[in-house]
Amino acid sequence: MVKISRFAALLLLCFVGTTGSGIQAQEMSASIGQEKDGLVKQQPARMLYADTLLVKEANEMSNVITISDDNNESYTFSEGQLGEDEDYAGTTAMISSNDDYFLSEVGYLFSPMRFRIRAYESMYNNVYANGVLLNDAERGQFSYGMIGGLNDATRNKEGATAFEHNSFSFSPIGGSSNINMRASQYAAGHKASLVGCNRNYLARAMYTYSTGLMQNGWAFTGSASYRWANEGVIEGTFYNSFAYFLAAEKKINDSHSISIATWGSPTERAQQGAATEEAYWLAGSHYYNPNWGYQNGEKRNARVVNSYEPSLLLTWDFQINDKAKLTTSLFGKYSMYSTTALGWNGNAADPRPNYYQNLPSAAYDVWDLEYTPTEDELADYMTRYNYWKESKANRQLNWDYMYFANQQANALGGECLYYVERRHNDQLALNLSSVLNIDYNRKNRGTFGINLGTTKGMHYKTMADLLGADRYTDIDKFSVGDFGPNSDYVQNDVDNPNRQIGEDDTFGYDYDIYVNKMNLFYQHQTEFRGGFLYFGANIEGSTMERYGHMRNGRAQEYSKGSSGTAKFLGGGAKFGVIGRANANTTITFGIGFENRAPIAYNSFIAPRMRNDFVQGLENENIFSNEISFKSVMGPVTAKVSGYFTLFTNCTEQSAFYNDQQSQFTYLTMTDVKKAHYGLEASVVYNVTSALSFNAVASVGSAEYWKNANGFLISENEKVVMNDKVYMDGVKVDGTPLTALSLGVDYNIKGWYLSANVNYYDNIYIDASKYARLAGVVGAPVIDATTGEERLNIPTQYKGRGDFMVDASIGKSINLRGGKRLNINLSLNNILNNQKMITGGYEQNRDDSYSDGSERTYKFSKNPFLYYANAFNAYLNIGLRF
Amino acid sequence: MKTLKYLSLIALSLFLATSCMNDHDEPNFNELPYNPPYGNNEIGDANTTISELKDKFASIISANGAKEVTEDIIIQGVVVANDETGNVYKQFVINDPTGAIVVGVNDVGLYATMAKGQKVRIACKGLYVGGYGKMAQVGGLYNGSIGRMNKTVFPEHVRLISTPSLTQECMRPEVIDDSYFTDANMAKLAKYVRLENVEITEADGTELWAPEELAYNNVVERHIKMGKTNLVLRMSTYADFANEPLPDGKLNINGVLTRYNNYWQFVISSTSDIEQVKEEE
């Protein structure tokens, strides 16, 4: 099956590849000062910059997704580093292209399902401000939290796909966008808006004021907002976020202009956690949140994110002459990001309410339908079931219990049992970019650019709350049983043995990651009869280093100090052509290759304790091509594209608690090969100037194409193993690989109405790499039905395909004195479909004990799942004055 | 001027720090009257001693059976051994002046509430009492025999009486010597005892408490020679101190004397139960 679809994909690309030569219109019209607040559905072929911001906003407000491949047994370890956070994970790629209905629509349209265009990871999408890169150098991704609540201030954007010429970047496969933060580029006047909704936050107020470019050559713009929920739509969550943006620009003369902008969004918010279907069933809701519990009768959440990334941007625009323009920007940020998590010490019990031992299905094997439970087992099952059903408090954390346990220990001078730790991922970054745009003549233009960046990532944890305990000693509880409490091995910092930890003290791990990057690029566009030809190339050098501040007892010789510096040199080249096939049809073709350094996040083995790079760490290769046909036939505009992208030599890392060894474990995969391919289509039928119908489709696949090399290491280094990982055929998770939409737009007398029916399918969850290790899969078994030998590789969990209906209605009212009032109401998931997952993860645990005997609870049958939001509404009232 | 006003408004808002939403009052359970947030604070005074309970179920216990307690029996004792270091698992032992008894609960980290020195009452009605290796145990039913009670059942049957203390009466073990090992005493186990001036046979300064390679079902048997009795010291490989060296020389050890059918056994719950005897010249 897999083979056939691969073949089909290749065939498709070969076919379209040979017929390609053509064009895409290059209308880079600016969207500066566009007033679109809330009016999501104005015209069918409308501008998309406004949409990209809506994409962001929609994402910000959809479920607080905390996807993690780390179902960690103890929260002692950082998931913050492990891809669980919504600011990083699962954000829709913000590609935008000016005339592309598909790209302009899907980001917003499919955002409730956390759709990612072409299923690309967000590290393949770059976000710039005034030409300088904002992406985080350690993880490669843009953190939306950086501009949270600054919708007005970040509205002006220019977007570019991978195979388009643009004035600011060598776009990665997922495209790039450039936010214009020059004070003069905001529409002069006041703007205020209020939002009410039932999502992560309940209310938002925003105010923006801009002077526009004044007679004296100055321009000032300021924006502030506040987002609030004492309890969001998910029980036990809250949202408390302030944001500011201040910018000034001085146009010195016709050639020079200097601008400065500073912004930040100090935010405190509580998170939702995933659960298994069994826990959802017991709680009676797919929106059950195990992260909170009662303390003194009040709800308290254990997982609270605190983030603040104060940023500063300086830009010098130099119009050298009427053919050449140089844009130079310097960006600096000091990002403070932390997440709290419960920890438990010594031999204290796992306090999480949905810990598997608490679930009814841990009483007997409910999955074996042939099995008749004993009377005791049934009684045990019922006791557990009734406990869950009895009261809400039973399904949640019990803070009072944790305080009590600590106070009991205090009475005896004992160690803390329960605590809340804060995992910090701070970052200091400085990026410089200089881009020269030259119009050689009417038909040729070129863009030279240089980007330099240096980043220091600081990773450590502190004691957020001892929950009333007097004593906490900084040792690794998992190693105590293996080495004894008095061994050096159990020390997290041998140089400060048995350190007593008070609140706000650093403990556990403390290290820095340094990343330096330099990128040079050139791209060129030439116009020929009926079309454009585009090519570009870049060369990129990067270095990375870990510097440890603690001498870890399990890695005494290689944890403190420097790891040494790894250097990578890479680069890429792209070629695109846009041509006219006939009067109605343009054809676009693009092909590119990139050799790219791995991200620092994936490059170290067990970075919390060790200074080691992944063995065989190499650049990854990305080959991509696409072809599209666009046709305009009277009132109908249709476009269909095919794409094929191949990733080879990639490195991926996961970290999890290994129950078999009672150890936190890292699994690094190298030699990863993945392919993303599919078709994208859009049709718009403008029946009248007021009424249009549209259809959008994204049908594709993204999957691993071969087995990877795995390297498994536990934190105590007792388990070190090289093994094959059966990844061949595993699908990329966390996005629907099939997304279809039918919609209608209608506007009349200042009213705008739109409705869409969307269908999603092929939604997979994160496959456990551990469960696919050759050593865990074990020897081939004889298949009962076929009698043939086969490997017992787990089947990846797939969510059900289903429909969702969205609609919005808006009105724009012109008031006296040039004022304008916009009102927009968006309704999402009107049918209140609560059965669609947006993602999740398989448990990294075995169904059998280390001696081979079967466990009662089946981890393989109980993946953690996230569900798309239930019916929700978003009302935005904006006033421009 | 106006410009300045509007922008300064925005700048001003910079300094209006938004208040923290995640502040919660810290509950204090050490205040009197003692009102723990765990257990059943309705349970009344004890009406039965541990020894009386064992006597009532003597025939069930010696037959390794299990029987539901149907009378309103309430016992009271102090926790003398628990699972804090992992050597005892899913059990704890309470002691009153008449003896000690094992309580089985299907949960880990019991020491969070059943700290050493914690005075508790257990309302036995609805629980099971039975014999495991002919020794008395309070718990639940497991395949017709005595087992551990469900973790959600336990809090309904236990009441915590006061803040734990290691200095109270019931924390003082009876000192025994080899004359204690009689059949009559064996029938009344478990018992919280102190062994004085004893040596662990295997201790040589390097031998570990419970290395995995010596374990059978995760248990390693060490020995204490007391007169004619070679007392088995049961050690779990899961104990925190399993991979530490056995203490050498003369020792005073507090622990729980138990039986498995007709074998005497001895269990410690932590190395703090052991004290090195100072050699006097």
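This structure is a prediction, so every number in the text was calculated from the model and none was measured.

Undergrad: I tried to follow the overall build of chain A on my own but got confused; where do I start?
TA: Across its full length, chain A holds eight helices and 38 strands. In chain A, the share of contacts with a sequence separation of at least 24, taken over all contacts with a separation of at least 6, comes to 71%.

Undergrad: It is not clear to me how the overall build of chain B should be interpreted in this structure. Could you clarify?
TA: What chain B contains, in helices and strands, is five helices and 17 strands. Across its three principal axes, chain B shows a C-alpha extent of roughly 100 × 55 × 40 Å. The burial tally for chain B puts 44% of its 281 residues in the buried class. Counting only contacts in chain B whose residues sit at least 6 apart along the sequence, the fraction spanning at least 24 positions is 71%.

Undergrad: I would appreciate a short explanation of unusual backbone geometry in the present structure.
TA: Peptide bonds are trans in most cases, and residues, glycine excluded, mostly fall at negative phi. Along the chain, Leu-189 of chain B connects to Ala-190 of chain B via a cis peptide bond; the corresponding omega equals 10 degrees. Along the chain, Ala-190 of chain B turns up in the loop between helix 5 (183–186) and strand 12 (191–198). We note that Asn-498 of chain A has phi near 50 degrees; this positive angle belongs to a residue other than glycine. As for its position among the elements, Asn-498 of chain A is in the loop between helix 7 (477–483) and strand 20 (506–528). The exposed category is assigned to Asn-498 of chain A, around which 12 C-beta atoms lie within 10 Å.

Undergrad: What's the story with the domain arrangement of chain B in this structure? I'm lost.
TA: Interface size is commonly expressed as the accessible surface area that is lost when the partners come together. All names here are of chain B. Each domain of chain B was delimited in the assignment, giving domain 1 (50–170) and domain 2 (173–276). A straight line from the C-alpha centre of domain 1 to that of domain 2 covers 21 Å. Taken residue by residue, the interface counts 20 residues in domain 1 and 20 residues in domain 2. Among the elements of the structure, helix 2 (50–56), strand 2 (74–81), strand 3 (91–96) and strand 4 (99–106) are those that each provide at least two residues to the side of domain 1 that touches domain 2.

Undergrad: Any chance you could explain the interface of chain B and chain A here in plain terms?
TA: Opposite the 47 residues of chain B that make contact, chain A presents 47 residues. Listing elements by their share of the side of chain B that touches chain A, those giving two or more residues are helix 1 (2–13) and strand 7 (135–142) of chain B. Considering every element that reaches the side of chain B that touches chain A, the biggest residue donor is helix 1 of chain B, with six residues.

Undergrad: Is there a simple way to think about helix 3 (residues 101–109) of chain A in this case?
TA: Since the α-helix packs 3.6 residues into each turn, any two residues three or four apart lie on the same face. Along helix 3 of chain A, nine of the nine residues are buried, which leaves the element largely enclosed by surrounding structure. Those residues of helix 3 of chain A lying buried are Tyr-101, Phe-102, Leu-103, Ser-104, Glu-105, Val-106, Gly-107, Tyr-108 and Leu-109 of chain A.

Undergrad: Can you help me understand the confidence of the model for chain B in this one?
TA: Detailed reading of predicted coordinates is not advised where the pLDDT is low. Residue and element names in this part refer to chain B. Summary statistics for chain B give a mean pLDDT of 88 and a share of 93% for residues scoring 70 or more. When mean pLDDT is compared element by element in chain B, strand 5 (residues 119–123) scores highest at 95, while helix 1 scores lowest at 67. Two numbers describe this predicted complex: its pTM, 0.88, and its ipTM, 0.93.

Undergrad: Is there a simple way to explain the sheet that holds strand 11 (residues 275–276) of chain A in this structure?
TA: Strand pairing in a sheet relies on backbone hydrogen bonds, with the paired strands running either antiparallel or parallel. All names here are of chain A. Read across the sheet, three strands follow the order 11-37-36 without closing on themselves; strand pairing throughout is antiparallel. The strands lining the two open edges of the sheet, one partner per strand, are strand 11 and strand 36 (837–841). Pairing analysis gives four bridges linking strand 36 to strand 37 (residues 864–867), with the strands arranged antiparallel. Its bridge partner lying in strand 37, Tyr-841 is registered against Phe-864.

Undergrad: Explanation requested: the pairing of strand 7 (residues 218–229) of chain A in the structure shown.
TA: When a strand is regular, its side chains alternate between the sheet's two faces. All names here are of chain A. Judged by how many residues are buried, strand 7 sits mostly within the fold: nine of 12 residues are covered. Across eight bridges, the pairing between strand 6 (residues 203–210) and strand 7 is antiparallel. Note on strand 7: the bridge partner recorded for Ala-203 is Trp-228. For strand 7 and strand 8 (residues 239–251), the ladder comprises 12 bridges, and the chain directions are antiparallel. Bridged to Thr-221 within strand 8 is Ala-247.

Undergrad: Would you mind showing me how to read the nonpolar core here?
TA: Grouped burial of nonpolar side chains is what soluble globular proteins tend to show. Counting 101 residues, the largest nonpolar core has Tyr-418 of chain A together with Val-93, Ile-94 and Ile-101 of chain B as its most contacted members. Counting residues per element, this core draws most heavily on helix 6 (residues 399–411) of chain A, at seven residues. Excluding residues that lie within four positions of it along the chain, Tyr-418 of chain A makes contacts with Leu-342, Trp-344, Ala-348, Pro-351, Met-402, Ala-405, Asn-406 and Leu-467 of chain A. Listed in part, the 92 residues of the second largest apolar core include Tyr-108, Ile-627, Ala-771 and Tyr-841 of chain A.

Undergrad: Would you mind going over the pairing of strand 13 (residues 219–226) of chain B with me for this structure?
TA: Of the two faces of strand 13 of chain B, only one is covered, namely that formed by Val-220, Arg-222, Ile-224 and Met-226 of chain B; the face formed by Val-219, Glu-221, His-223 and Lys-225 of chain B stays uncovered. From the end of strand 13 of chain B to the start of strand 14 (residues 229–236) of chain B, which pair antiparallel, there are two residues, and Gly-227 of chain B there has a positive phi angle of about 60 degrees.

Undergrad: How do you make sense of the sheet that holds strand 1 (residues 126–129) of chain A when you look at a structure like this?
TA: Residue and element names in this part refer to chain A. Ordered in space as 2-1-4-3, the four strands form an open sheet in which the pairing is mixed. For this open sheet the edge positions go to strand 2 (132–133) and strand 3 (157–160), each flanked by a neighbour on one side alone. Summarising the sheet, strand 3 and strand 4 (residues 176–179) pair through four bridges and their orientation is antiparallel. The partner of Lys-157 across the bridge, within strand 4, is Ile-179.

Undergrad: It is not clear to me how helix 5 (residues 375–390) of chain A should be interpreted in this structure. Could you clarify?
TA: The terminal C-alpha atoms of helix 5 of chain A, which comprises 16 residues, lie 22 Å apart, in line with the 22 Å expected from a rise of 1.5 Å per residue. Within helix 5 of chain A the residues assigned to the buried category are Asp-380, Arg-384 and Trp-388 of chain A. Around the axis of helix 5 of chain A, the buried residues are gathered within 70 degrees of arc, so they sit on the same side. Facing away from the buried side of helix 5 of chain A by more than 90 degrees, the exposed set consists of Glu-375, Asn-386 and Glu-390 of chain A. Buried residues in helix 5 of chain A make contact with helix 4 (277–283) of chain A together with strand 9 (149–150) of chain B.

Undergrad: In this structure, what is going on with the environment of Val-420 of chain A? I would like to understand it.
TA: Residues and elements named next belong to chain A. Residue placement: Val-420 occurs in strand 18 (residues 418–441). Residue class for Val-420 comes out buried when judged on the 22 C-beta atoms lying within 10 Å of it. In the structure, Val-420 is positioned 360 residues away from Pro-780 in sequence and 44 Å away in space, judged by C-alpha atoms.

Undergrad: Even after reading the chapter, I still don't get the confidence of the model for chain A, so can you show me in this structure?
TA: Counting all residues, the mean pLDDT for chain A is 86, and 88% of those residues have values of 70 or more. Every residue in residues 1–97 of chain A is under pLDDT 50, and counting partners more than four places away or in other chains gives 270 contacts.

Undergrad: How do you make sense of the environment of Trp-705 of chain A when you look at a structure like this?
TA: Residues and elements named next belong to chain A. Within the fold, Trp-705 resides in the loop between strand 27 (691–704) and strand 28 (708–714). Under the C-beta neighbour-count criterion, Trp-705 is labelled partly exposed, with 17 such atoms within 10 Å. Between the C-alpha atom of Trp-705 and that of Asn-410, which follows or precedes it by 295 residues, the distance is 55 Å. Discounting chain neighbours no more than four positions away, the residues touching Trp-705 are Lys-673, Lys-674, Ala-675 and Asp-728.

Scoring rules and cut-offs
- Residues numbered from 1 in each chain as written.
- Chains lettered and ligands numbered in written order.
- Predicted model: local features only at pLDDT ≥ 70, side-chain atom pairs only at ≥ 80, totals over all residues.
- Helix = DSSP H or I, 4+ residues; strand = E, 2+ residues; numbered from the N terminus.
- Contact = placed C-beta atoms within 7 Å.
- Buried ≥ 20, exposed ≤ 12 C-beta atoms within 10 Å, placed from the backbone.
- Domains from an automatic or database assignment.
- pLDDT = per-residue confidence, 0-100.
- Pairing = 2+ DSSP bridges.
- Core = buried A, V, L, I, M, F, W, Y, C linked by C-beta atoms within 7 Å.
- Expected span 1.5 Å × (residues − 1).
- Arc of directions from axis to C-beta.

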